[in-house]
Amino acid sequence: MHNSEGVVSAMSQATDAGQAAEELARQLLHPYLGFVLFFCSASYDLQALGHALQQCFGSVRVVGCTSAGEITSQGYGRNCITAVGFNHAHFSIATELIDQVEHFSLINAQDMVERLVGGCRSNTLAPIKGNTFALTLLDGLSSREEMVLAALSAALGDIPHFGGSAGDDNFLTHTHVYFNGVFHSGAAVVVLVNTWLDFEVFTTHHILPRSEKLVVTGADSPSRRVFELNAEPAAEEYARHIGVAVANLDHRTFAAHPLAVRIHDQYYVRAIQQVHEDLSLSFYCAVENGIVLTAMKPGPILPNLQTLFDGLQSRLGDLLLTIGCDCFLRRLELEDNGTLEQIGSYLSDQRVMGFNTYGEQFNGMHINQTFTGVAIARGRR
């Protein structure tokens with residue numbers, strides 16, 4: 001891609017952290033580079049990678065997070081790093097770290113948004129209103145997404161906002177966000193992007209409702225753990241519903257048989273994370289006593305994505321870049337049904353870069369099993 005277009009994308013499959021950082025720098029560095037966003041496999045030596053990125057990019061600000069799979073210019077990647085560089089003539093970008101997500105309040109959020117808006121304004125590229133969106137990258141295992149998002153969403157007001165929870169290649173042990181040369185856990189990065197280019201923040205999913213309902217009759221909300229569904233042990237009732245043995249419940253079954261909560265006429269997936277020995281289920285999203293979960297089934301992914309991109313192009317014109325937060329459960333489904341390459345090459349044709357997440361964020365909501373992001377247009381000027 002040309003620098004004049006405002007963004008340059010890059011990737012490296014080098015497993016050595018220093019080499020990966022050097023390859024990215026070689027592809028991204030140019031005189032107008034103002035900001036770099038990246039997503040990387042958790043298999044890297046993160047301390048070495050953090051240091052190398054700082055060395056290679058010098059004074060250019062770099063933020064990113066670990067992933068459960070990468071979306072690169074060549075489609076879906078694994079054990080690699082994918083990145084995009086933003087031209088400061090097209091984008092004014094401010095960024096901050098929330099270092100302790102558990103103590104983040106509405107007041108903190110308001111102060112932070114005020115500083116971010118001030119930072120973006122200082123370049124006088126475009127008015128804030130109507131020309132700005134926010135991206136959040138959260139530690140995917142912090143279980144505090146809802147609190148942080150509710151505060152941020154209130155402070156952002158009508159600034160559209162999306163994001164993803166960091167992953168760690170499905171090990172569910174350590175997820176990190178990167179800020180100021182260091183990978184942090186229990187933290188979040190907030191990026192405010194102001195641009196004169198047209199853009200649209202979106203979310204889509206391919207999950208269709210079935211008739212069965214499961215009522216949460218015993219849950220511990222803070223830990224997102226459900227002990228009972230329909231007054232039966234949660235794992236047993238769920239397994240009975242989908243027709244498999246409790247012993248066979250795993251990521252792939254959860255991806256194929258999601259549960260969702262209905263709000264107005266929209267369904268929001270509440271993805272299951274794991275089964276515990278006491279037959280309780282942990283979820284990736286908030287669950288409360290008394291909520292009704294609808295059993296869902298995946299529809300075809302490609303037609304859903306085609307509808308999305310056709311709509312984006314008809315509204316925005318030619319797309320320059322789409323930053324996509326793609327739930328890792330969708331990726332498991334594609335790996336299972338053998339369509340990972342086909343969908344990856346479709347995303348590559350649409351100029352998508354991004355990562356597979358442990359949860360997506362859309363205008364203050366924390367959701368699962370979606371493809372959520374921002375499409376940025378070439379600009380008609």
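Each value, and the rule that gives it
- Every residue gets a number counted from 1 within its own chain, in the order that chain's sequence is written.
- Since the coordinates come from a predicted model, pLDDT governs what is reported: local features require at least 70, and pairs of side-chain atoms require 80 or more to be given and counted, while whole-chain, interface and lining totals use all residues.
- Side-chain descriptors were evaluated using all non-hydrogen atoms of the structure, hydrogens and water having been removed beforehand.
- Helical segments are the DSSP runs of H or I of at least four residues, strand segments are the runs of E of at least two, and each set is numbered from the N terminus.
- Within 3.5 Å is the distance limit for a polar contact, defined as a pair of N or O atoms, with the added protein rule that one can donate a hydrogen and the other accept it, and that residues adjacent in sequence qualify only through two side-chain atoms.
- The classification of residues rests on relative accessible area computed with a 1.4 Å probe and restricted to protein chains. Under 20% of the type maximum is buried, over 50% is exposed, and intermediate values are partly exposed.
- We call two residues in contact when some of their heavy atoms are within 4.5 Å.
- Nonpolar core, defined: a set of buried Ala, Val, Leu, Ile, Met, Phe, Trp, Tyr and Cys residues in which side-chain atoms within 4.5 Å join the residues together.
- When DSSP finds at least two bridges between two strands, those strands are taken to pair.
- Every axis in this analysis is a line fitted to C-alpha atoms, fitted for helices over the stretch in contact. Angles between the N-to-C directions lie between 0 and 180 degrees.

Looking at an unreviewed UniProt entry, one finds the protein named FIST C-terminal domain-containing protein and attributed to Pseudomonas tritici.

We now examine the environment of Arg262. Following the sequence through the fold, Arg262 ends up in strand β17 (residues 259–263). Taking the C-alpha atoms as reference points, Arg262 and Cys40, 222 residues apart in sequence, are found 33 Å from one another. Polar contacts involving the side chain of Arg262 include one to the side chain of Tyr267, which spans 3.5 Å.

Here Glu96 is to be found in strand β7 (residues 91–98). Overall, Glu96 belongs to the buried group, its relative accessible area being 16%. Among residues more than four places away in sequence, those in contact with Glu96 are Met112, Arg115, Leu116, Phe179, Ala188, Val189 and Val190.

Of all hydrophobic cores here, the largest spans 56 residues; its most connected members are Leu37 and Phe86. Looking at which element gives the most residues to this core, the answer is helix α5 (residues 234–242), with five residues. If we ignore the near neighbours within four places in the chain, the residues touching Leu37 are Val63, Thr82, Ala83, Val84, Phe86, Leu135, Leu137, Ile323 and Met353. Residues Ala25, Ala52, Phe57 and Val62 belong to the second largest nonpolar core, which totals 25 residues.

In this section: the sheet that holds strand β25 (residues 365–367). Strand order across the open sheet formed by six strands is β7-β12-β8-β9-β24-β25, with mixed pairing between neighbours. With one partner strand each, in any of the chains shown, β7 and β25 form the two edges of the open sheet. Strand-to-strand twist of the sheet, defined as the mean angle between neighbouring strand axes without regard to direction, takes the value 20°. For strand β8 (residues 132–138) and strand β12 (residues 188–195), the ladder comprises seven bridges, and the chain directions are antiparallel. Its bridge partner lying in β12, Leu138 is registered against Ala188.

Quick look at unusual backbone geometry now. Backbone geometry places Arg224, a non-glycine residue, at a positive phi of 55°. Residue Arg224 is classed as buried on the basis of its relative accessible area of 4%.

Tracing the sequence through the fold places Val244 in the loop between α5 and α6 (251–256). A C-alpha to C-alpha distance of 19 Å links Val244 and Val215, two positions 29 residues apart in sequence. Apart from the residues lying within four places of it in its own chain, the contact partners of Val244 are Ala239, Leu249 and Thr253.

This next bit is on the environment of Ala377. Among the structural elements, Ala377 can be located in strand β26 (residues 371–377). In this structure Ala377 touches Leu197, Asp198, Leu316, Asp318, Leu319 and Leu320, once residues within four positions along its chain are discounted.

Turning next to the side chain of His276. One can find His276 in the loop between β19 (272–275) and β20 (281–283). By relative accessible area, which is 19% here, His276 ends up buried. Not counting residues within four places of it along the chain, the set of residues in contact with His276 comprises Arg225, Leu281 and Ser282.

Turning our eyes to something else, we now look at the sheet that holds strand β3 (residues 61–67). Taken in spatial order, the six strands of this open sheet run β1-β6-β2-β3-β10-β11, and their pairing is mixed. Across the chains shown, the open sheet's two edge strands, defined by having one partner strand only, are β1 (7–12) and β11 (182–184). Each strand axis lies, on average, 20° off the axis of its neighbour in the sheet, ignoring direction. Across seven bridges, strand β2 (residues 33–41) lies against strand β6 (residues 81–87) in antiparallel orientation. Of the residues in β6, the one forming a bridge with Cys40 is Ile81. Where helix α1 (residues 17–28) meets the sheet, it contacts β1, β2 and β6, and its direction lies at approximately 155° from that of β1.

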